[in-house]
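Remarks on the overall topology
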Amino acid sequence: MLDQLANFGSKKDKKIDPKVKTFVIETRAKLKSSERRKFMAKVVQLLGKGGKGIAERELGWDRKTIQKGLKELESGFDCVDNFSGKGRKLSEVHLPNLLEDIKEIVSPTSQTDPTFRTTRLYTPLSAKEVRKRLIEDKNYKDSELPQVRTIQTKLNELNFHLSKVAKTKPKKK
């Protein structure tokens, strides 16, 4: 199949055979990151003169990605994708003491399961109340604190669950 691409440079109509096109697109979909870019660059090289434009028009590939792949092929070095640097940062990154402050507020009022069947900690404080106490007691600003839903998630991660703290009831004889 790829030998058809190698002979493509002499054709004047500049259309890729549908079977070859399907093969190239499916192969590209199976590859990831630098391997994908290198494959794209090799296909463009096989297409010959004007290969970038043909790949962009016929295969729907991005010229910048092709250019990056060509540079990787020439240099022999792979570009590392920074996927971990993408996305929203956790609230602990912005407020490093947040989890400790939440523990300090919730721990005095929390209680283990009265039946001792689980190790969960129950607290009568809602996430809204914890957020309010963070502002009052720990001098956080309202604008810098995460929303109530995020505080509730942090409470669950710290193994604090909202529930009325109840005393154990004696068993009837």
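For the structure given in this document, a descriptive report is provided here. (Residues numbered from 1 in each chain as written. Predicted model: local features only at pLDDT ≥ 70, side-chain atom pairs only at ≥ 80, totals over all residues. Heavy atoms only, no water.)

Glancing now at the sheet that holds strand 2 (residues 121-123). Strand order in this open sheet of three strands is 1-2-3, and the pairing throughout is mixed. The sheet is open, and its two edges are formed by strand 1 (111-112) and strand 3 (160-162), each paired on a single side. (Pairing = 2+ DSSP bridges. Helix = DSSP H or I, 4+ residues; strand = E, 2+ residues; numbered from the N terminus.)

With that out of the way, let us pick up the side chain of Glu 72. Relative to the assigned elements, Glu 72 resides in helix 5 (residues 63-75). Setting aside residues up to four positions removed in sequence, Glu 72 forms contacts with Ser 34, Arg 37, Lys 38, Phe 77, Asp 78 and Cys 79. (Contact = heavy atoms within 4.5 Å.)

Turning next to the environment of Lys 64. Its location among the elements puts Lys 64 in helix 5. Overall, the relative accessible area of 68% leaves Lys 64 in the exposed class. Remark: the alpha-carbon pair of Lys 64 and Lys 52, spanning twelve residues in sequence, is separated by 9.6 Å. (Buried < 20%, exposed > 50% of the residue type's maximum accessible area, 1.4 Å probe, protein only.)

Let us look at the packing of helix 4 (residues 51-59) against helix 5. Relative orientation of the contacting elements helix 4 and helix 5 amounts to 135 degrees, with a least axis distance of 10 Å. Viewed along their axes, helix 4 and helix 5 adopt a mutual orientation that is oblique. By crossing handedness, the relation of helix 4 to helix 5 is classed as right-handed. Between helix 4, through Lys 52, Gly 53, Ala 55 and Glu 56, and helix 5, the contact on the second element is made entirely by Arg 63, Ile 66, Gln 67 and Leu 70. (Axes fitted to C-alpha atoms, helices over the stretch in contact; angles between N-to-C directions. Parallel < 35°, antiparallel > 145°, perpendicular 65-115°, else oblique. Left-handed = near helix turned anticlockwise from the far one by under 90°.)

No statement about biological role is implied by the geometric values presented.
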